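Each chain, letter by letter, is given below.
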Amino acid sequence: MTSPTPDPAPLAAHAHRLNDGTELPAVGFGTYPLKGDDGIAAIESALRTGYRLIDSAVNYENEREVGEALRRSEVPRGQVRLATKIPGRFHAHDLALRSLADSAERLGVEQIDVALIHWPNPSRGLYREAWRALVRAQQEGLVRTIGVSNFTPAHLARVIDDTGVVPALNQVELHPYFPQEELRAEHRRLGVLTQAWSPLGKDPVPFDEPAVAQAAEAHGTTPGQVVLRWHLQLGSMPVPKAASPERQRANLDLDAVELSDDEVAAITALARTDGRRFDGDPDTHEEM
Ligand SMILES: NC(=O)c1ccc[n+]([C@@H]2O[C@H](COP(=O)([O-])OP(=O)(O)OC[C@H]3O[C@@H](n4cnc5c(N)ncnc54)[C@H](OP(=O)(O)O)[C@@H]3O)[C@@H](O)[C@H]2O)c1
């Protein structure tokens, strides 16, 4: 076990202050599907490159790799935020608490920095119980920051009505083909940080779109950096996954790119009605 996380220190430029008073960096590191020795090496490389938020999940089956990478990196525990997610099969209150305790053990920490409900799975009707468990785990000190993932405004409203506790963040699919304007507006109204999964778009990537390619040329940077900078200027926190140190570095090196309002708007206008990467509508998509 490593020692408990000390009080948060400023982590990076553009750091976000959450509604629970904690801070997270501007960019996190996505770890799906990094596993095994290669996974440990990639996550350790990300830590050495400067990532200070590592996004994991029970269902990625890589929490032990994340903990091991942190120990090998020799980056002080107190400078890093480890995030994980409760899967659908553990939404019932006591199972959710058990899931969190098991995650802490696998990560090798006494306190989980960020814990989310991975998907609401509304047909099961148990995400409200999972949220009550997260509120309790935060009160008891097992988790520092509590949030959700793939929640719609209706799901957010229900858990807030139940407990009076507003999730600190909602990790959702967000990229130029699916910019989530209405959901982001609701997050701003509620004080919820928007965190973006598949922030680069992944498949298909929007790198050849003129709005992205022309901005990259104008700023002497890469399409990937333009897309990630677009997230920062929207107020969204991207968690890109990259296996190689070169891409990991590029995805953090965003300070030199300052997009104009018109460039941001042109990228947001790439929105498609069918912009989701797969049929991942949280009202119907279930992950256990
Ligand atoms: N909450 C959820 O339901 C949910 C769902 C999906 C994902 N996530 C989280 O979000 C993270 C990121 O999402 P994602 O992995 O789906 O998508 P992504 O980060 O947008 O894209 C990752 C892909 O882009 C490539 N890539 C990375 N940097 C690049 C660059 N600078 N230029 C060109 N290509 C680049 C990567 O290749 P290489 O790795 O080969 O470099 C990888 O194939 C996941 O790892 C996971 O932590 C959460």
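Conventions and cut-offs
Residues numbered from 1 in each chain as written. Predicted model: local features only at pLDDT ≥ 70, side-chain atom pairs only at ≥ 80, totals over all residues. Heavy atoms only, no water. UniProt positions renumbered as here; feature names shortened; annotations may be inferred. Helix = DSSP H or I, 4+ residues; strand = E, 2+ residues; numbered from the N terminus. Phe/Tyr/Trp six-rings, centres within 6.5 Å; stacked < 30°, edge-to-face > 60°. Buried < 20%, exposed > 50% of the residue type's maximum accessible area, 1.4 Å probe, protein only. Lys NZ or Arg CZ within 6 Å of the ring centre and 35° of its normal. Salt bridge = Lys/Arg side-chain N within 4 Å of Asp/Glu carboxyl O. Axes fitted to C-alpha atoms, helices over the stretch in contact; angles between N-to-C directions. Parallel < 35°, antiparallel > 145°, perpendicular 65-115°, else oblique. Contact = heavy atoms within 4.5 Å. Nonpolar A, V, L, I, M, F, W, Y, C, P; charged D, E, K, R; others polar. Polar contact = N/O pair within 3.5 Å; in protein donor to acceptor, adjacent residues only side chain to side chain. Near = heavy atom within 4 Å.

- Named according to an unreviewed UniProt entry, the protein is Aldo/keto reductase originating from Nocardioides nanhaiensis.
- Under the UniProt heading Sequence similarities (unreviewed entry), the entry covering the protein gives this text: "Belongs to the aldo/keto reductase family."

1. Re the UniProt feature "domain: NADP-dependent oxidoreductase" (unreviewed entry) in the protein
Stage number 1. According to UniProt, the positions carrying the feature "domain: NADP-dependent oxidoreductase" (unreviewed entry) are residues 28-202 and 213-271.
Stage number 2. Between the end C-alpha atoms of residues 28-202 there is a gap of 16 Å, over a span that is 43% helix and 19% strand.
Stage number 3. As annotated, residues 213-271 has a helix share of 59% and a strand share of 3%, and its two end C-alpha atoms lie 16 Å apart.

2. Focus on the packing of aromatic side chains
Stage number 1. Tallied over the full model, the rule gives five aromatic pairs.
Stage number 2. Look at Y127 and F151: their rings are 5.4 Å apart centre to centre, the planes differ by 80°, and that puts the pair in the edge-to-face class. Taken together, the residues span a long stretch of sequence, with Y127 in helix 4 (residues 127-140) and F151 in the loop between strand 7 (143-149) and helix 5 (153-163) at a distance of 24 residues.
Stage number 3. By relative accessible area, which is 4% here, Y127 ends up buried.
Stage number 4. Feature note: the residues W119, W197 and F278 constitute an aromatic cluster, connected by ring pairs.
Stage number 5. The aromatic ring of Y177 is capped on one face by R272, whose charged end is 3.8 Å from the ring centroid.

3. A word on unusual backbone geometry
Stage number 1. Of the consecutive residues Y32 and P33, the connecting peptide bond is found in the cis state with omega at 5°.
Stage number 2. As for its position among the elements, P33 is in the loop between strand 3 (29-30) and helix 1 (36-49).
Stage number 3. With an omega of 5°, the peptide bond running from D203 to P204 counts as cis.
Stage number 4. Not every positive phi belongs to a glycine, and E61 is a case in point at roughly 50°.
Stage number 5. In this structure, E61 sits in the loop between strand 4 (53-55) and helix 2 (63-73).
Stage number 6. E61 gets classed as exposed once you look at its relative accessible area, which sits at 55%.

4. Structural notes on the pattern of salt bridges
Stage number 1. Summed over all chains, the structure comprises 17 salt bridges.
Stage number 2. Between E63 and R106 there is a salt bridge, with its nearest N and O atoms 2.7 Å apart. Remark: R106 occurs in helix 3 (residues 93-107) and E63 occurs in helix 2; sequence separation between them is 43 residues.
Stage number 3. Relative accessible area serves as the criterion here: at 24%, R106 is assigned to the partly exposed category.
Stage number 4. Because the salt bridges share partners, they merge into one network encompassing E68, R71 and R72.

5. Thoughts on the packing of helix 7 (residues 210-219) against helix 8 (residues 223-234)
Stage number 1. Closest axis-to-axis distance for the helix 7/helix 8 pair is 8 Å, and the angle between their directions is 105°. Judged on the interaxial angle alone, helix 8 and helix 7 are roughly perpendicular. Taking contact as the criterion, the partners of V212, A215 and A216 in helix 7 are, on helix 8, P223, V226 and V227.
Stage number 2. Here the contact of helix 7 with helix 8 is built from residues that sort into six nonpolar, no polar and no charged.

6. Quick look at the side chain of S73
Stage number 1. In this fold, S73 is placed in helix 2.
Stage number 2. Side-chain polar atoms of S73 contact the backbone nitrogen of V75, separated by 3.0 Å.
Stage number 3. Leave out the neighbours within four places in its chain, and S73 touches E44, L47 and R48.

7. Some details on the site of the ligand
Stage number 1. Near the ligand there are 26 residues, and of these D55, Q171, S198, L200 and K241 occur at the shortest range.
Stage number 2. A distance of 3.3 Å is found between a nitrogen atom of the ligand and a side-chain nitrogen or oxygen belonging to Y60.
Stage number 3. A distance of 2.9 Å separates a nitrogen atom of the ligand from a polar atom in the side chain of N251.
Stage number 4. In the shell around the ligand, the residues fall into 11 nonpolar, nine polar and six charged.

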